[in-house]
Amino acid sequence: TISSDFVRLGSFSQTSEVTSSSIDGYFTSDYDVYKLYIMGGRADGNKFQVQVNTGGSALTGSAYQYLAAYNDLTTGNTPSNSTTHSTNDTQFRIGWQDDTANRRMNAELTIFDPLNTDRYKAVHFKSSSFSGSYWYHVTGFAQYESTAALSGLTLKSHSSSYNIGFDHAYLYGLKNS
């Protein structure tokens, strides 16, 4: 049944701002698909980024590829559609978000088969956020080009000079058949 196959593995909060926050050690052979929900995300550097972990540490090599489509709307009521992408990056962006108190990022990430050692790692993501005078809705895909088993994710801003935080994050696993 759905209720017994979709299991909450952990809940987290990062209410004080830090350069990065790791959610690690929850991937097991019991699950092939994971969902991470982030609520109330903020980044004082305007970019909310993710890195994958192996053995408890974030992978910082230039092996990240990502592509995302986004819609934005200015406070002046001007909409647009565009894409953001990067190859050989050291992280992937899931949204733009500033540190506005009453406007925060919400995101959903799907992590596919993180323990598989035959294929590169894939993450799908969706987010809604606000930065400057823009609202954003982002839908994208990221891949880390390594067959190493993953142990978790690290949430961060685009450089160590900036901080992130979030009100709540929940990690769920979808049981194997």
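In what follows, the accompanying structure is described. This one's a predicted model, so the numbers in the text were calculated from it and none came from an experiment.

Conventions and cut-offs
- Residues numbered from 1 in each chain as written.
- Predicted model: local features only at pLDDT ≥ 70, side-chain atom pairs only at ≥ 80, totals over all residues.
- Heavy atoms only, no water.
- Pairing = 2+ DSSP bridges.
- Helix = DSSP H or I, 4+ residues; strand = E, 2+ residues; numbered from the N terminus.
- Polar contact = N/O pair within 3.5 Å; in protein donor to acceptor, adjacent residues only side chain to side chain.
- Phe/Tyr/Trp six-rings, centres within 6.5 Å; stacked < 30°, edge-to-face > 60°.
- Buried < 20%, exposed > 50% of the residue type's maximum accessible area, 1.4 Å probe, protein only.
- Axes fitted to C-alpha atoms, helices over the stretch in contact; angles between N-to-C directions.

Of the pairings in the sheet, the one linking strand 1 (residues 6-18) to strand 13 (residues 164-175) comprises 8 bridges and is antiparallel in character. Directly across from Ser11, in strand 13, lies its bridge partner Tyr170. Where strand 3 (residues 31-43) and strand 13 come together, 10 bridges link them in antiparallel fashion. When the bridges of strand 13 are listed, Met39 appears paired with His168.

The next point concerns the side chain of Asp89. By the secondary structure assignment, Asp89 is in strand 7 (residues 79-89). Among the polar contacts made by the side chain of Asp89, one reaches the side chain of Ser86 at a distance of 2.8 Å.

Moving on: the packing of aromatic side chains. Overall, the coordinates contain 13 aromatic pairs when judged by the stated rule. Each ring, one from Phe12 and one from Tyr26, has its centre 5.4 Å from the other, and the planes form 80 degrees; the classification is edge-to-face. Pair noted here: Phe12 is in strand 1 and Tyr26 is in the loop between strand 2 (20-24) and strand 3, with a separation of 14 residues, a long-range link. With relative accessibility at 28%, the residue Tyr26 sits in the partly exposed group. Each residue in the set Tyr64, Phe92, Phe125 and Tyr144 is aromatic and connected to the rest through ring pairs, giving one cluster.

Take the sheet that holds strand 11 (residues 134-144) next. Spatially, 1-13-3-9-10-11-6-7 is the arrangement adopted by the 8 strands of the open sheet, whose pairing is antiparallel. At either end of the open sheet lies a strand with only one pairing partner, and these are strand 1 and strand 7. Sheet twist, expressed as the average angle between the axes of neighbouring strands with direction ignored, equals 15 degrees. Sheet topology places strand 3 next to strand 9 (residues 105-112); 7 bridges connect them, and they run antiparallel. Within strand 9, the position partnered with Lys35 by the bridge is Thr110.

Any link to function would need more than the numbers given here.
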